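Topology and contacts: notes
So the chains spell out like this:
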Amino acid sequence: QVQLVESGGGLVQAGGSLRLSCAASGRTFRSYSMGWFRQAPGKEREFVAAISWGGSSTSYTDSVKGRFTISRDNAKNTVYLQMNSLTPEDTAVYYCAAGRFPTQNGDEYNYWGQGTQVTVSS
């Protein structure tokens, strides 16, 4: 089993920045692609960003392109989501996930963290 723990969420004003971290357990972290998803109350889970196992390929949902950056440090077993120019529409619980492929489909990920709350005020 792989355990994922997110951190770094909080309350921030519009235009501000946050960096989320996801710490992973297990010796096989390098074998997994990683994704970030978010879910607001009453809404469906939404893909945010993904990164390949080697970190060379990334993808983003259109609404965060140019503002968010996903990265990973395999030596630290950690994936990051740098979020800049935040807006109230970014308010959600953010989850990291591990899977074989860096897809936009959450059903294809095998492991999930508990989530961290991000709240952006106007």
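Details of the structure are given in the entry above.
First, a word on scope: everything that follows refers to the structure included in this document. (Residues numbered from 1 in each chain as written. Predicted model: local features only at pLDDT ≥ 70, side-chain atom pairs only at ≥ 80, totals over all residues. Heavy atoms only, no water.)

Glancing now at the packing of aromatic side chains. Centre distance and the angle of the planes are the two values used to describe a pair of aromatic rings. A complete count under the given rule lists five aromatic pairs for this structure. Ring centres of Y32 and Y111 lie 6.0 Å apart, and the angle between their planes is 80 degrees; this geometry places the pair in the edge-to-face category. Here Y32, found in the loop between strand 3 (18-24) and strand 4 (33-39), pairs with Y111, found in strand 10 (residues 109-112); they are 79 residues apart in sequence, far enough to count as distant. Look at F37 and W112: their rings are 5.0 Å apart centre to centre, the planes differ by 55 degrees, and that puts the pair in the tilted class. Here W112 lies in strand 10 and F37 lies in strand 4, a separation of 75 residues in the sequence. Judged by relative accessible area, W112 falls into the partly exposed class, the value being 29%. Three or more aromatic residues joined by ring pairs form one cluster here, namely F37, F47, Y109 and W112. Of note, R45 hangs over the ring of F37, and the distance from its end group to the ring centre comes to 5.7 Å. (Phe/Tyr/Trp six-rings, centres within 6.5 Å; stacked < 30°, edge-to-face > 60°. Helix = DSSP H or I, 4+ residues; strand = E, 2+ residues; numbered from the N terminus. Buried < 20%, exposed > 50% of the residue type's maximum accessible area, 1.4 Å probe, protein only. Lys NZ or Arg CZ within 6 Å of the ring centre and 35° of its normal.)

Further remarks concern the environment of Y32. When its relative accessible area of 17% is taken as the criterion, Y32 is described as buried. Distance in space between the C-alpha atoms of Y32 and N110 is 9.7 Å, their sequence separation being 78 residues. Apart from the residues lying within four places of it in its own chain, the contact partners of Y32 are V2, W53, R72, A98, G99 and Y111. (Contact = heavy atoms within 4.5 Å.)

What follows covers the pattern of salt bridges. For the structure shown, the criterion picks out five salt bridges. The salt bridge partner of K65 is D62, with a shortest N-O separation of 3.0 Å. Close ionic contact of R67 with D90 constitutes a salt bridge, the shortest N to O distance being 2.8 Å. Placement of R67 in the loop between strand 6 (58-60) and strand 7 (68-73) and of D90 in the loop between strand 8 (78-83) and strand 9 (92-99) is noted, with a sequence separation of 23 residues between them. Here R67 matches D90 in class, with each residue buried. Via salt bridges that share partners, R38, E46, R67 and D90 belong to a single interconnected network. (Salt bridge = Lys/Arg side-chain N within 4 Å of Asp/Glu carboxyl O.)

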